[in-house]
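Take a look at the letters that make up each chain.
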Amino acid sequence: MSDREFGGADDLSLPKATVQKIIQEILAADGDASVAFSKESRDLLIECCVEFVTLISSEANEIAEKEAKKTIACEHVTAALQTLGYPDYVPEIDKVAREHKQQQASREKKQTKMEKSGLTEEQLIAQQQELFNQANDKFAHVAAD
């Protein structure tokens, strides 16, 4: 399946600077700083990446539809990788998915910190204003000295 089916190659791309940074990191990790990567090669790599993502997402969508699911889940992506002959990617994808899930869980905890305080928004604003007043008073005393 080609990205042209979704409205043309110009509609789908990856940020060139990000791809260039990834390429540079890989070349540096290989210890071969003398190797150059041309802009044409980078652009070709971007096109290949877009095609790969399109292929995987299309297959994952078909798998999800067969299961009567309206949302493509991680297991659909890993099944697509298996089906298309990329089983070596599955363990790394699973690892990244677990890490992402853990990061999301910790972000959600941070978002509910205000709720866990047990105070209303008005009470929190009042506390904040009191802290501002204390800081202003402290600054005024320091500035006066």
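Here goes a summary of the coordinates provided. (Residues numbered from 1 in each chain as written. Predicted model: local features only at pLDDT ≥ 70, side-chain atom pairs only at ≥ 80, totals over all residues. Heavy atoms only, no water.)

At a minimum axis distance of 10 Å, the contact between helix H1 (residues 16–29) and helix H2 (residues 39–66) shows a crossing angle of 105°. Our classification of the angle between H1 and H2 gives roughly perpendicular. Of H2, the residues touching H1 (which contributes Lys 16, Val 19, Gln 20 and Ile 23) are Arg 42, Asp 43, Leu 45 and Ile 46. Within the contact of H1 with H2, the residues separate by chemical class into four nonpolar, one polar and three charged. (Axes fitted to C-alpha atoms, helices over the stretch in contact; angles between N-to-C directions. Helix = DSSP H or I, 4+ residues; strand = E, 2+ residues; numbered from the N terminus. Parallel < 35°, antiparallel > 145°, perpendicular 65-115°, else oblique. Contact = heavy atoms within 4.5 Å. Nonpolar A, V, L, I, M, F, W, Y, C, P; charged D, E, K, R; others polar.)

So, on to the packing of aromatic side chains. Inspection of the entire model under this criterion finds three aromatic pairs. Between Phe 52 and Tyr 86 the ring centres are 5.2 Å apart and the planes differ by 85°, which places this aromatic pair in the edge-to-face class. Taken as a pair, Phe 52 in helix H2 and Tyr 86 in the loop between helix H3 (74–83) and helix H4 (90–111) lie far apart in primary sequence, 34 residues in all. By relative accessible area, Tyr 86 is classed as partly exposed at 29%. Centre to centre, the rings of Phe 52 and Tyr 89 are 6.1 Å apart; their planes meet at 50°, and the pair counts as tilted. One end of the pair, Phe 52, is in helix H2; the other, Tyr 89, is in the loop between H3 and H4, with 37 residues separating them in the sequence. Among the residues examined, Phe 52 registers a relative accessible area of 30% and is labelled partly exposed. Using a relative accessible area of 47% as the deciding quantity, one classes Tyr 89 as partly exposed. Linked through ring pairs, Phe 52, Tyr 86 and Tyr 89 together constitute an aromatic cluster. (Phe/Tyr/Trp six-rings, centres within 6.5 Å; stacked < 30°, edge-to-face > 60°. Buried < 20%, exposed > 50% of the residue type's maximum accessible area, 1.4 Å probe, protein only.)

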